[in-house]
Amino acid sequence: MSERNKSTIAVRHGIEADKHHGAVVPPLYLSTTYSFADFDTKRDYDYGRSGNPNRDILAETLAQLEGGERGIITATGMSAVHLVTQLLNNDDTLVIPHDCYGGSYRLFTSLQKRGLLNLVVLDLTQPESYQQILDIKPKVVWIETPSNPILRLTDIEAVVKTAKRAGALVAADNTFLSPALQNPIKFGVDIVVHSTTKYINGHSDVVGGAVIARTAQLGEELAWWANNIGITGAPFDSYLTLRGLRTLNVRLKQHQENALAIAKYLEQSDYVSQVYYPGLESHPQHELAKKQQAGFGGMVSFDIKGGLGDSAAFLTSLKEFSLAESLGGVESLICHPATMTHAGMDATARLEAGVGDTLIRISVGIEELDDLVADLEQAFKRTSPGQSTGSDEAKTFKLTPAHTVLW
Ligand SMILES: *Cc1c(COP(=O)(O)O)cnc(C)c1O
């Protein structure tokens, strides 16, 4: 039999696995403990932190989708990130990209401050950084591509090649594209990390994470640590996340079809100065995106004309886009990274990462495209960003403490 395609794996893995009643959908096992079959005979499971059928089905499905040997399900995306850092001793070096997810950046720098690892921050989108990897000889190189929020790409194959020469493992945060659109293990990456909170669950109602290891040995070590520190995911969360995962491929098709159309609409708008979407031919890494991704994803960012007041007026004039952090749910979300997701960064670092006052990020949902474009259009017309004809009252927006929360 030929290998199953990803959409079939996502839909069918674990279906009809119930031996007891033949339930088509795997039943939910909430029990925290399992009886021994005999005095010295354990069954498949003994205790809920160490193993659970719902968690295992989700883990196996994700491992197959990513092309890895072993999956580990964690309580949150951040605990998945944290799990990978257990591979480092305090004299080992971790290389991270300067524009990785803010929560990951905060965790890595906090661990460094306590002397638990050495940290080197590089711009991995630039091949000039590769020589430094060879000089530093890190234990792990962390990549995240495309990056948040302006969707810069890292050449996975090139970083892996360099890291292997330096004797380093490579871990990739694949949250932004999901296994439907990018499989880093195919390019030699050793560990894939996901916040399943985003596209994998896809319905903005479960927080969770996953780590997928390329080899059984690395998977064994990571699974041992996950049980040891007690960060494995809950059965009900795993059940719901698997339900979300069943439709990953069809959701992503619609997400990216809408995202490309919205990116093209924004690119021709008089109210927009720049659009960031790897699917546009104008994106400087469009060719790299075509090489290493199976699609361009559902995230689009752009700079609106004008200033902070224009961003605020526009964002509060929309009806079909919720002003909210997070991404990857079926509903469209829109956010202002400078005051929301990236508010914890100091102003200089934020500008270096391309996060100015006019940057707006959209997690494009799967609603009917016409409704989304019509909503953007009415908000642009009403607020005329960057034009003198807009309502002055709406544009005298001032930053208040409520806008300076950390992630
Ligand atoms: C959200 C996110 C995380 C953290 O995941 P949580 O589920 O919020 O803990 C890590 N990496 C990326 C890229 C994310 O978007």
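Residues numbered from 1 in each chain as written. Predicted model: local features only at pLDDT ≥ 70, side-chain atom pairs only at ≥ 80, totals over all residues. Heavy atoms only, no water.

**Here's the deal with unusual backbone geometry**
The following threshold applies: Helix and strand labels come from DSSP, where a helix needs a run of H or I of at least four residues and a strand needs a run of E of at least two; each type is numbered from the N terminus. Only protein chains enter the accessibility calculation, which uses a 1.4 Å probe. A residue is then buried if its area is under 20% of the maximum for its type, exposed if over 50%, and partly exposed in between.
Put simply, Thr145 and Pro146 share a cis peptide bond, and its omega is -5°. Counting through the fold element by element, Pro146 comes out in the loop between strand S4 (140–144) and helix H6 (156–165). Note that the residue after Asn148, namely Pro149, is joined by a cis bond; omega there is 0°. Looking at the secondary structure, you find Pro149 in the loop between S4 and H6. Backbone geometry at Ser326 places phi at a positive 75°, although glycine is not the residue there. If you trace the backbone, Ser326 turns up in the loop between strand S10 (322–323) and strand S11 (333–335). Judged by its relative accessible area of 31%, Ser326 is partly exposed.

**Details of the domain arrangement of the protein chain**
Where we set the bar: Where each domain starts and ends comes from a domain assignment, either automatic or drawn from a database. Residues are treated as being in contact if the distance between any of their heavy atoms lies within 4.5 Å. Each of two parts loses accessible area, computed with a 1.4 Å probe, when they are put together; buried area is these two losses added.
Here the domain parsing of the protein chain yields domain 1 (6–245) and domain 2 (249–404). Computed from C-alpha atoms alone, the centre-to-centre distance between domain 1 and domain 2 is 28 Å. Between domain 1 and domain 2, the residue contacts involve 32 residues of the former and 38 residues of the latter. Taken together, the two surfaces of domain 1 and domain 2 that pack against each other cover about 2900 Å², and 57% of this comes from carbon and sulfur. Of all residues in domain 1, the largest losses of buried area upon contact with domain 2 belong to Leu153, Leu181 and Tyr199, amounting jointly to 26% of the total for that side.

**Considerations on the UniProt feature "modified residue: N6-(pyridoxal phosphate)lysine" (unreviewed entry) in the protein chain**
This is how it is decided: UniProt positions are given in the numbering used here, feature names are shortened, and annotations may be inferred rather than shown by experiment.
Feature annotation in UniProt places "modified residue: N6-(pyridoxal phosphate)lysine" (unreviewed entry) on Lys198, given in this structure's numbering. You can see Lys198 is positioned in the loop between strand S6 (191–195) and strand S7 (209–213). Apart from the residues within four sequence positions on either side, Lys198 is in contact with Thr175, Ser326, Leu327 and Gly328.

**Quick notes on the packing of aromatic side chains**
What counts here: We call Phe, Tyr and Trp rings a pair once their centres come within 6.5 Å, taking the six-membered ring for Trp, and we label the pair stacked below 30 degrees between planes, edge-to-face above 60, and tilted otherwise.
Considering all chains together, one arrives at 10 aromatic pairs under this definition. Plain terms: the ring middles of Phe108 and Trp142 are 5.2 Å apart, the flat faces sit at 70° to each other, and that makes the pair edge-to-face. Highlighted residues: Phe108 in helix H4 (residues 102–113) and Trp142 in strand S4, separated in sequence by 34 residues. Look at Trp142 and you get buried, because its relative accessible area is 0%. Between Tyr271 and Phe380, the aromatic rings sit 5.5 Å apart at their centres with planes inclined by 15°, giving stacked as the arrangement. Note that Tyr271 is positioned in the loop between helix H10 (248–267) and strand S8 (272–276) and Phe380 in helix H14 (residues 369–383), a separation of 109 residues in sequence. By relative accessible area, which is 1% here, Phe380 ends up buried. Taken together, the ring pairs connect Tyr265, Tyr271, Phe302, Phe314 and Phe380 into an aromatic cluster.

**Side note on the pairing of strand S2 (residues 93–97)**
Our working rule: Call a crossover right-handed when, viewed with both strands pointing away from you, the route from the first strand across the helix to the second goes clockwise. The pairing criterion is simple: DSSP has to find at least two bridges between the two strands.
Burial within S2 is extensive, with 5 of its 5 residues counted as buried. Residue alternation in S2 divides its side chains into two sets, Thr93, Val95 and Pro97 and Leu94 and Ile96, and both sets are buried. For the crossover from S2 across H4 to strand S3 (residues 118–122), the handedness is right-handed. Bridge count for S2 against S4 is 2 bridges, and the pairing is parallel. Within S4, the residue paired with Leu94 across the bridge is Val140.

**With respect to the side chain of His286**
Within the element layout of this structure, His286 appears in helix H11 (residues 286–292). Judged by its relative accessible area of 8%, His286 is buried. Look past the residues within four positions of His286 in its chain and what remains in contact with it is Pro278, Gly279, Leu280, Glu281 and Phe296.

**Some thoughts on helix H9 (residues 235–245)**
Of all the residues in H9, the buried ones are Pro235, Ser238, Leu240, Thr241, Leu242, Gly244 and Leu245. The elements touched by buried residues of H9 are helix H1 (6–12), helix H2 (53–66), strand S1 (70–74) and H10.

**A few points about the sheet that holds S10**
If you trace the 5 strands from one edge of the open sheet to the other, you get S8-S9-S12-S11-S10, paired in mixed fashion. Single-partner strands in this sheet number two, and they are S8 and S10. In this structure, S8 lies alongside strand S9 (residues 299–304), joined through 4 bridges in antiparallel fashion. Bridging from a neighbouring strand, Val275 pairs with Phe302 of S9.

**Some details on the pattern of salt bridges**
Note the threshold: Salt bridges, as used here, are contacts in which a Lys or Arg side-chain nitrogen is within 4 Å of a carboxyl oxygen on Asp or Glu.
Scanning the entire structure with this criterion turns up 10 salt bridges. Put simply, Arg12 and Glu16 hold a salt bridge, and the shortest N to O gap is 3.9 Å. According to the relative accessible area criterion, Arg12 is partly exposed, its value standing at 37%. Where Asp155 meets Lys291, a salt bridge forms, and the shortest distance between an N and an O atom there is 3.7 Å. Taken together, the residues Asp155 in the loop between S4 and H6 and Lys291 in helix H11 connect sequence positions 136 residues apart. In this structure Asp155 comes out as partly exposed when scored by relative accessible area, which is 22%. Accessibility expressed as a relative area gives 43% for Lys291, which makes it partly exposed.

**What about the sheet that holds S1?**
Let me state the cut-off plainly: All axes here are fitted lines through C-alpha atoms, helices being fitted over the stretch that makes contact, and every angle between N-to-C directions spans 0 to 180 degrees.
An order of S1-S7-S6-S5-S4-S2-S3 is seen for the 7 strands of this open sheet, with the pairing classed as mixed. What marks the edges here is a single partner per strand, and that holds for S1 and S3. In this sheet, adjacent strand axes meet at a mean angle of 20° when their direction is disregarded. As defined by bridge partners, S6 adjoins S7 across 5 bridges and the pair is classed as antiparallel. When the sheet's bridge partners are listed, Val192 is paired in S7 with Ile212. Those strands touched by H2 are S1, S6 and S7, and its axis lies near 130° from that of S1. This element, helix H8 (residues 216–229), spans S1, strand S5 (169–173), S6 and S7 of the sheet and lies at about 20° to S1.

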